[in-house]
Amino acid sequence: MPRWKKLLHPDLTYSHSSGHNQDKADVVKTVTTGKATTASIDFSETTVRVYGNTALVRGRVDMTSSTDGKSAASHLNILHVWIKGPQGWQMVARQATKLTP
């Protein structure tokens, strides 16, 4: 198993800015099929708040991606929720909101 899969919690809820939601299996399938690729990704204004075994990571993401050969730029506000358990830190939720460029 690739190491990055261990970072995703089995109960993952991955919400896109379009309103599309995925679980862990869907995210892994999307990444491993190669239909969607990321050309660049820039993180900024990142904050991390830790509350015991839960961490909230918020920030801005500017990225260029390609799906089925179509390139698109995205400007997003992202919230990741991480929990620390027996497997270490794992992302259990992700929410994205579109920003005006």
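Note: the structure precedes this text.
Rules behind the numbers
Residues numbered from 1 in each chain as written. Predicted model: local features only at pLDDT ≥ 70, side-chain atom pairs only at ≥ 80, totals over all residues. Heavy atoms only, no water. 1 Å grid on protein atoms, 1.4 Å probe; cavity = no way out; pocket = protein on both sides within 12 Å on 5 of 7 lines; lining within 4 Å. Points joined across faces, edges and corners; volume = space filled by probe spheres on them. Helix = DSSP H or I, 4+ residues; strand = E, 2+ residues; numbered from the N terminus. Nonpolar A, V, L, I, M, F, W, Y, C, P; charged D, E, K, R; others polar. Salt bridge = Lys/Arg side-chain N within 4 Å of Asp/Glu carboxyl O. Buried < 20%, exposed > 50% of the residue type's maximum accessible area, 1.4 Å probe, protein only. Contact = heavy atoms within 4.5 Å. Pairing = 2+ DSSP bridges.

*Asks:* Explanation requested: the layout of surface pockets in the structure shown.
*Replies:* Using a probe with the size of a water molecule, rolled over the atoms, empty space left in the structure can be pinpointed. Approximately 1,100 Å³ is the volume found for the largest pocket. Along the wall of the largest pocket there are 32 residues; nearest its centre are Tyr-14, His-16, Thr-38, Met-63 and Arg-94. Looking at the lining of the largest pocket element by element, the count peaks at seven residues for strand E5 (residues 70-85). Considering only residue class, the lining of the largest pocket consists of 16 nonpolar, 13 polar and three charged.

*Asks:* Would you mind showing me how to read the pattern of salt bridges here?
*Replies:* When their charged atoms lie close together, side chains carrying opposite charge are able to pair. With the rule as written, the count across this model stands at one salt bridge. Of the charged contacts in the structure, one is a salt bridge between Arg-60 and Asp-62, with a shortest N-O distance of 3.1 Å. Residue classification places Arg-60 among the partly exposed positions, given a relative accessible area of 22%.

*Asks:* Just to check I follow, could you spell out the environment of Gln-95 for this structure?
*Replies:* Within the secondary structure, Gln-95 is located in strand E6 (residues 88-98). Gln-95 sits 37 residues away from Arg-58 along the chain, and the two C-alpha atoms are 9.6 Å apart. Gln-95 has contacts with Ser-15, His-16, Asn-77, Ile-78 and Leu-79, leaving out every residue within four places of it along the chain.

*Asks:* Looking at this structure, how should I read the sheet that holds E6?
*Replies:* In a beta sheet, neighbouring strands pair by backbone hydrogen bonds and run either parallel or antiparallel. A sheet is described by the order of its strands in space; here six strands give the open sequence E2-E1-E6-E5-E4-E3, paired in mixed fashion. Because the sheet does not close on itself, it has two edges, and the strands there are strand E2 (21-22) and strand E3 (36-51). Here strand E1 (residues 8-15) runs beside E6; their pairing, made up of four bridges, is parallel. Following the sheet pairing, Tyr-14 is matched in E6 by Arg-94.

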